[in-house]
Structure formats: C-alpha cells, structure tokens
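# Chain and residue survey
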Amino acid sequence: CLPSKLPGFDSQPAHFKKMKLYHASRVSGLKILKPNPHNAINGEKVVFATTDQKFALAITLTLGDSIVACYAMNKETGKKELYLDEIKKGAFNILNNKSSLYVVENKNFEHNEMLKKEELISKREVSVIKEIKIMNLLKRLKKLGVKFVPYEKVLESLKTRGKDPDNPFIIYKPNRFEKIKI
C-alpha cells in the first residue's frame, strides 16, 4: 500500500547489515528458509523477509485473496498504522492459530518493485538466527496494535485512509493466488 522502492536494499549499504530481518511461518523448527515459487512475483522462487515484525506476523497466515495487510497514515494521529482488511467474510478466523516468527540472516535481500515497500526477497537460501513461537497469532497482532477491519467495513475504511478500492497501487494478475493453498 505504501509507494514503491525501498531505497538502499538493492546495494545493501553498511547500515543494512545491522538491521534485523523477520520471516514468519506457520511451520515451526525451521533452520534454513528455502526459496519457493510465489505468485506475487510471477512464480519466481524467493524467500520473503521484512524489517517489521508486525508486518511479518500479519502476512503469516493471510493470503491476499482473503486478508490484505496494508500500512496507512492515521489522519488523526499522523502515525503510520498497519491495517488488516478482511476481504472474505470470516477470514480473520484463520488467525486463531500458532505461528513462528524467525529472525533471519540479512544477506542477499533486495526489494522488488512488484511488492509492497515492506517486503524484501532473497533468491537464495536464508539461515534462521532465532525462532519466536507465537501461540495465538490473532492475540499477538492485537497486542501489537494492528488495526482489524471486518469485511463489512473495508470499503468505508479504505476511503478514510485515502485509498481508492477501484484504483489499487499495485495491480496484480487476476489469478495471483490461484495456485496457493492453505
């Protein structure tokens, strides 16, 4: 939802090496993350990571055809907030599950213009540094201050955030999620 390119990640400047990167998964006990094909970037094999643990957790069990994670500025507070929009009624129920948040090695990551600003990818295997087990993803996301927008209120909420549902920032192929299974 935020505009395009994340400066500096393509060349990995010195300060990048000090940044923590997070990857979340419904699978626990991982030591190495292997690139897998992903429809969001035309089936290319990648590992996703982000510097934002809230965002990593928010997209753990969500698929863009049922729940969408999006940052937006709160016009009242002027703060950037993470919203989860339920675009399929009842989709938030999937978040009542366990998850693992991984701190991962920050080598070989870059931004891809097809993705959100917060998302980074590596085309190589990535080593896990640490695993944090999450017993209930929904409760953790609420504790972290993520804003949940139920299905009935998504269109209204998008407009209050200055988003035009008929003119998305990133236009995906219609079948972007057709091969993804829960």
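The structure displayed is predicted, hence computed values, not measured ones.

On to the overall build of the chain. Scanning the chain from terminus to terminus reveals three helices and ten strands. Mapped from its N terminus to its C terminus, the chain presents α and β elements in the order β-β-β-β-α-β-β-β-β-β-α-β-α. Taken across its 182 residues, the chain has 42% of its residues classed as buried. The long-range fraction of contacts in the chain, counting pairs at least 24 apart against all pairs at least 6 apart in sequence, stands at 75%. Approximately 10,700 Å² of the chain is accessible, and the part contributed by carbon and sulfur atoms is 51%.

Counted by the stated rule, this structure contains two aromatic pairs. Ring geometry for Phe-55 against Tyr-71: centres 6.3 Å apart, planes inclined by 25 degrees, an arrangement best described as stacked. Note that Phe-55 is positioned in helix α1 (residues 53-58) and Tyr-71 in strand β5 (residues 67-73), a separation of 16 residues in sequence. The two residues Phe-55 and Tyr-71 agree in class, both being buried. A centroid spacing of 5.2 Å and a plane angle of 80 degrees characterise the contact between Phe-92 and Phe-148, whose relative ring orientation is edge-to-face.

Counting across every chain of the model gives five salt bridges. Ionic pairing is found between Glu-44 and Lys-123, a salt bridge with its closest N-O pair at 2.8 Å. In this pair, Glu-44 sits in strand β4 (residues 44-49) while Lys-123 sits in the loop between β8 (120-122) and β9 (126-134), placing the two residues 79 residues apart along the sequence. The residue Arg-161 makes a salt bridge to Asp-85 at a minimum N-O spacing of 2.6 Å. Of the two residues, Arg-161 sits in the segment after α3 (154-160) while Asp-85 sits in strand β6 (residues 80-86), which places them 76 residues apart along the sequence.

With that settled, the discussion passes to the pairing of β9. For strand β2 (residues 32-33) and β9, the ladder comprises two bridges, and the chain directions are antiparallel. Looking across to β9, one finds that Leu-33 is bridged to Val-126. Of the pairings in the sheet, the one linking strand β7 (residues 99-104) to β9 comprises six bridges and is antiparallel in character. Note that in β9 the partner of Ser-100 across the bridge is Lys-133.

Conventions used here
Residues numbered from 1 in each chain as written. Predicted model: local features only at pLDDT ≥ 70, side-chain atom pairs only at ≥ 80, totals over all residues. Heavy atoms only, no water. Helix = DSSP H or I, 4+ residues; strand = E, 2+ residues; numbered from the N terminus. Buried < 20%, exposed > 50% of the residue type's maximum accessible area, 1.4 Å probe, protein only. Contact = heavy atoms within 4.5 Å. Areas by Shrake-Rupley, 256 points an atom, 1.4 Å probe, with all protein chains shown as cover. Phe/Tyr/Trp six-rings, centres within 6.5 Å; stacked < 30°, edge-to-face > 60°. Salt bridge = Lys/Arg side-chain N within 4 Å of Asp/Glu carboxyl O. Pairing = 2+ DSSP bridges.

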